[in-house]
Amino acid sequence: MMNNIRTLDVAVIGAGLSGIYAAKFYLEIHPNAQLAILDKETCVGGTWNARRGFDSFWTQWTVGCAEFSDLSMPRPPEEDIYYEFFKAKHTTKYLETYVDHHSHAGKSLRDRISFGIEVKGVAKTDKGWTVTSRNLATGAENTLHSTKLIIASGLTSIPHMPTLAGDNIFDGPIIHQESFGSSDILTSPTIKNLTVLGGGKSSADMVYAAVKHGKVVTWVLQETETTGPGFLLSPKGKGPYKNAFEIGMTRVAGTFTPSFMNGQSLWTWMLHSTKYGVKMMNAFWEGVSEEARKEAGFDNRKNLEGFEKLSPHTTIFWQNATGGLLNHEDFFETVAEHVRIICADVVNLEKGVVNLKNADSLSSDAILCGTGWVPSLQFFTEEQLVQFGLPHKRTHGSAEEHWKTLEAAADEKVVSTFPLLANPPPHYHKPVHVTPYRLYKHIAPLPLSNELDVHDRSIVFIGQICVGNYFPAVQCQAMWATAYMDGKMELPRKKDQEEEVALFTSWCRRRYLSNGDDGLNMTFELIGYTDTLLEALGLSSHRRGFLKDLFSPSTASVFAGLKDEYISKYGRDEIQVQSVP
């Protein structure tokens with residue numbers, strides 16, 4: 001196939017939420033830049049694209065928070081709203097509108113997106129980067145040269161599929177949640193019996209949707225080598241807050257979890273570093289967990305079979321399994337009355353049958369997998385993964401020994417500062433075969449030497465974090481990344497950057513157990529993280545005074561003044577008007 005070659009100032013890999021905003025902000029500062037966005041999908045949105053959606057797929061964020069500060073999302077119809085959460089199709093529509101709304105130098109964001117392009121590799125050159133890709137429709141190979149590279153490929157791009165012996169003879173669909181929305185599973189008259197694998201929120205969504213479409217559902221939870229099912233929580237708020245998400249979007253909520261990122265004060269020291277504070281926090285989180293268990297009714301709800309097996313293995317505090325907020329008033333009732341829940345390992349498949357280790361054999365027309373994701377960094381070589389501080393196979397070389405030393409010292413600081421994290425409850429911990437992410441500020445590779453004046457700033461990573469609301473996180477990451485690539489910020493020495501990274505990865509591992517091993521979990525740290533980035537940039541227009549900062553939710557409007565403040569501080573390029581001959 002013919003190789004098409006392009007030359008760019010910036011190449012963005014990924015047209016999801018992270019990629020389109022990173023591109024948009026860079027163009028706000030450099031409106032004349034030759035910038036292109038590559039995505040293997042056929043539509044905008046990543047996780048939230050039209051192909052992946054289905055009617056009972058809802059967001060985990062709320063009206064007023066699930067938008068960028070430069071374009072409001074119209075309020076969805078009330079029938080599509082539940083405690084201010086809303087159906088995911090409205091986020092999809094919003095992102096589609098967003099790429100049409102913003103234009104620079106006569107080109108909209110949509111004009112800059114090349115769909116159906118799978119990136120195969122990237123290589124550093126003296127002048128920047130060479131990106132090789134393949135057109136999925138035609139098979140044509142493409143090469144582009146770009147001065148700078150923004151990686152925004154997301155955490156939920158490549159499904160992790162379980163290994164199922166006999167999958168070649170099962171004679172029915174075996175699909176991941178990633179393909180659920182585009183399949184005919186719910187509407188096919190020949191698919192009546194479904195087996196759902198996995199104990200997280202994505203499995204729960206598929207179970208609920210299938211039951212509502214009249215399917216006979218068996219929900220299979222892994223029995224051995226598992227962190228157990230995740231917490232599925234009521235979205236209801238407390239006091240002045242409309243919902244649980246609003247509470248989580250306040251700084252005061254962040255003080256109830258031991259974290260360096262959320263800031264340290266006399267109040268947080270008392271809560272997390274004293275004997276009585278730790279005892280009080282233990283009681284608080286036990287109470288929250290017990291309330292959630294009672295609302296679910298694991299022990300006393302009338303059920304078809306095995307409903308009690310959905311009870312999580314640890315408290316909400318530890319987040320050892322992937323859960324989420326519920327979007328349906330009748331979720332527990334529906335699952336209890338209509339779903340058979342079995343805790344057993346899958347042995348193998350036969351034609352139309354799923355055989356379990358407990359000797360059960362399930363008649364099944366299709367298997368749905370809510371079994372997680374693998375890193376979307378497949379286009380990097382192993383050498384590049386090591387160089388950039390991305391997850392790679394653990395080795396026994398000097399570099400890994402260096403990190404072991406750093407993390408050992410950091411771990412001592414973690415447990416001395418936060419005694420609660422020194423004694424996690426009994427739990428299953430997944431085997432760890434790769435290193436954690438080790439990006440500075442979760443965006444930039446660490447320098448290769450202490451000579452920061454020659455440090456290459458041509459590549460950044462956006463959205464490679466696990467947070468409850470990506471809109472504010474991505475906005476702040478994009479600003480920090482742009483200033484970083486433009487050389488506008490003076491960074492600490494390599495040693496100091498490494499120590500900061502080691503402290504986070506050590507803390508994350510203790511704070512979130514198995515879910516913290518990858519070094520990117522910030523379930524309760526979103527506001528602290530955005531504050532950290534904006535403080536590094538010297539921006540403060542998002543601050544509203546002590547009481548509002550502490551107790552008011554951080555909605556999108558809070559960030560509305562940051563772009564102008566950034567431009568005032570760091571400047572922007574003048575728009576070049578091309579003369580008409």
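Residues numbered from 1 in each chain as written. Predicted model: local features only at pLDDT ≥ 70, side-chain atom pairs only at ≥ 80, totals over all residues. Heavy atoms only, no water.

Participant: Honestly, the overall build of the protein in this entry has me stumped. Any pointers?
Facilitator: For the protein, the count of helices and strands is 16 helices and 24 strands. At 24 Å, the protein has a C-alpha radius of gyration in line with the 25 Å of a compact globule built from 581 residues. Each of the three principal axes of the protein carries a C-alpha extent, and together these read 75 × 65 × 55 Å. Across the protein, the fraction of contacts at a sequence separation of at least 24, relative to all contacts at a separation of at least 6, is 73%. One finds the centroid of the 56 positive side-chain charges in the protein at a distance of 2 Å from the centroid of its 66 negative side-chain charges. (Helix = DSSP H or I, 4+ residues; strand = E, 2+ residues; numbered from the N terminus. Rg over C-alpha atoms; globule rule 2.2 N^0.38 Å. Contact = heavy atoms within 4.5 Å. Lys, Arg positive; Asp, Glu negative; His and termini not counted. Charge placed at Lys NZ, Arg CZ, Asp CG, Glu CD.)

Participant: Explain unusual backbone geometry here, please?
Facilitator: Glycine aside, residues mostly have negative phi, and peptide bonds are mostly found in the trans state. One non-glycine residue, Glu 84, lies in the positive phi region at around 75°. You can see Glu 84 is positioned in the loop between β4 (81-82) and β5 (85-87).

Participant: Honestly, the nonpolar core in this entry has me stumped. Any pointers?
Facilitator: What tends to happen in soluble globular proteins is that the nonpolar side chains get buried as a cluster. Counting 135 residues, the largest nonpolar core has Trp 219, Trp 480 and Leu 537 as its most contacted members. Ranked by residues supplied to this core, first place goes to helix α12 (residues 470-485) with eleven residues. When neighbours within four sequence positions are excluded, Leu 537 is seen to be in contact with Met 479, Trp 480, Ala 483, Met 489, Tyr 566, Lys 569 and Tyr 570. (Core = buried A, V, L, I, M, F, W, Y, C linked by side-chain atoms within 4.5 Å. Buried < 20%, exposed > 50% of the residue type's maximum accessible area, 1.4 Å probe, protein only.)

Participant: What should I look at first to understand the sheet that holds β5 in this one?
Facilitator: What links the strands of a sheet is backbone hydrogen bonding, and the strands pair in either a parallel or an antiparallel sense. The strand order β3-β5-β4 describes an open sheet built from three strands, whose pairing is antiparallel. The outermost strands of the open sheet, each flanked by one partner alone, are β3 (58-62) and β4. (Pairing = 2+ DSSP bridges.)

Participant: Please clarify how the sheet that holds strand β22 (residues 366-369) should be interpreted in this entry.
Facilitator: Sheet architecture is open: five strands sit in the order β13-β22-β14-β15-β18, paired in parallel fashion. Of all the strands in the sheet, just β13 (174-176) and β18 (339-343) have a single pairing partner and so form its edges. Mean inter-strand twist for the sheet, computed between neighbouring axes without regard to direction, equals 20°. Across five bridges, strand β14 (residues 193-197) lies against strand β15 (residues 216-221) in parallel orientation. (Axes fitted to C-alpha atoms, helices over the stretch in contact; angles between N-to-C directions.)

Participant: Teacher, can you tell me more about a nonpolar patch on the surface here?
Facilitator: On the surface, Leu 266, Trp 267, Trp 269, Met 270 and Met 280 cluster together into a nonpolar patch covering about 560 Å² of accessible area. When residues of the nonpolar patch are assigned to their parent elements, the largest contribution, four residues, is made by helix α7 (residues 266-273). (Patch = residues over 30% accessible without salt bridge, like charges linked within 9 Å, V, L, I, M, F, W, Y side chains within 5 Å. Areas by Shrake-Rupley, 256 points an atom, 1.4 Å probe, with all protein chains shown as cover. Salt bridge = Lys/Arg side-chain N within 4 Å of Asp/Glu carboxyl O.)

Participant: Explanation requested: α7 in the structure shown.
Facilitator: What α7 keeps buried is the set Thr 268, Leu 271 and His 272. Taken end-on, α7 shows its buried residues confined to a sector of 80°, consistent with a single buried face. (Arc of directions from axis to C-beta.)

Participant: I would appreciate a short explanation of the pairing of β22 in the present structure.
Facilitator: Walk down a regular strand and you will see the side chains alternate between the two sheet faces. Residues Ala 366 and Leu 368 of β22 are buried on one face, and the alternating residues Ile 367 and Cys 369, pointing to the opposite face, are buried as well. Where β13 meets β22, three bridges bridge the pair, whose relative direction is parallel. From the neighbouring strand, Ile 174 faces β22, where its bridge partner is Ile 367. As defined by bridge partners, β14 adjoins β22 across four bridges and the pair is classed as parallel.

Participant: Hey, could you run me through helix α9 (residues 331-338) in this one?
Facilitator: Helical geometry: 3.6 residues make up each α-helical turn, so side chains three or four residues apart lie on a common side. Within α9, burial applies to Phe 331, Phe 332, Thr 334, Val 335 and Ala 336. At its buried positions, α9 is contacted by α4 (201-212), β15, β16 (232-233), α8 (275-296) and β18.

Participant: Honestly, the pattern of salt bridges in this entry has me stumped. Any pointers?
Facilitator: Any two side chains of opposite charge can pair, given that their charged atoms come close. Scanning all chains against the criterion turns up 39 salt bridges. With its nearest N and O atoms 2.5 Å apart, the salt bridge here joins Asp 70 to Lys 24. One end of the pair, Asp 70, is in the loop between β3 and β4; the other, Lys 24, is in helix α1 (residues 17-29), with 46 residues separating them in the sequence. Given the relative accessible area of 1%, Lys 24 is considered buried. Between Arg 110 and Asp 100 there is a salt bridge; the shortest N-O distance is 2.6 Å. Of this pair, Arg 110 sits in the loop between β7 (107-108) and β8 (113-114) while Asp 100 sits in helix α2 (residues 89-101), and the two are ten residues apart along the sequence. Here Arg 110 falls in the partly exposed class, since its relative accessible area comes to 26%. For Asp 100, a relative accessible area of 44% gives the class partly exposed. A single network of salt bridges, built from pairs that share partners, joins Arg 394, Glu 400, Glu 407, Arg 438, Arg 509 and Asp 517.

Participant: Explain the packing of α1 against α12 here, please?
Facilitator: In a pair of packed helices, the angle between the axes and the distance between the axes together describe the arrangement. Their axes nearest at 9 Å, the elements α1 and α12 cross at an angle of 45°. Comparing their axes, α12 and α1 come out oblique. Our pair here, α1 against α12, has a crossing hand that is right-handed. Here α1 contributes Leu 17, Ser 18, Tyr 21, Ala 22, Phe 25, Tyr 26 and Ile 29 to the contact with α12, which in turn contributes Tyr 470, Phe 471, Val 474, Gln 475, Ala 478, Met 479, Thr 482 and Met 485. (Parallel < 35°, antiparallel > 145°, perpendicular 65-115°, else oblique. Left-handed = near helix turned anticlockwise from the far one by under 90°.)

Participant: Just checking my understanding: could you explain the packing of aromatic side chains for this structure?
Facilitator: The description of an aromatic ring pair rests on the distance of the ring centres and on the angle between the ring planes. Scanning the entire structure with this criterion turns up 35 aromatic pairs. Where Trp 480 meets Tyr 484, the ring centres are 5.3 Å apart and the plane angle is 15°; that geometry is what we call stacked. Taken together, the positions of Trp 480 and Tyr 484, both in helix α12 and four residues apart, correspond to about one turn of that helix. Across the pair, exposure class does not vary: Trp 480 and Tyr 484 are buried alike. Sitting over the ring of Trp 129, Lys 124 keeps its end group 5.5 Å from the ring centre. The ring of Phe 317 is capped by Arg 511, whose NZ or CZ atom sits 3.8 Å from the centre of that ring. (Phe/Tyr/Trp six-rings, centres within 6.5 Å; stacked < 30°, edge-to-face > 60°. Lys NZ or Arg CZ within 6 Å of the ring centre and 35° of its normal.)

Participant: Looking at this structure, I do not really get the side chain of His 102. What am I missing?
Facilitator: Here His 102 is to be found in the loop between α2 and β6 (103-104). Taking relative accessible area as the criterion, His 102 reaches 8% and is therefore assigned buried. Look past the residues within four positions of His 102 in its chain and what remains in contact with it is Lys 24, Asp 70, Lys 107, Ser 108 and Leu 109.

Participant: Can you walk me through the environment of Thr 62 in this structure?
Facilitator: With respect to the element layout, Thr 62 can be found in strand β3. Of the residues examined, Thr 62 reaches a relative accessible area of 1% and is grouped as buried. Separated by 35 residues in sequence, Thr 62 and Thr 97 place their C-alpha atoms 18 Å apart. When near neighbours in sequence (up to four residues on either side) are disregarded, Thr 62 contacts Tyr 83, Glu 84, Phe 85, Phe 86, Asn 243 and Phe 245.

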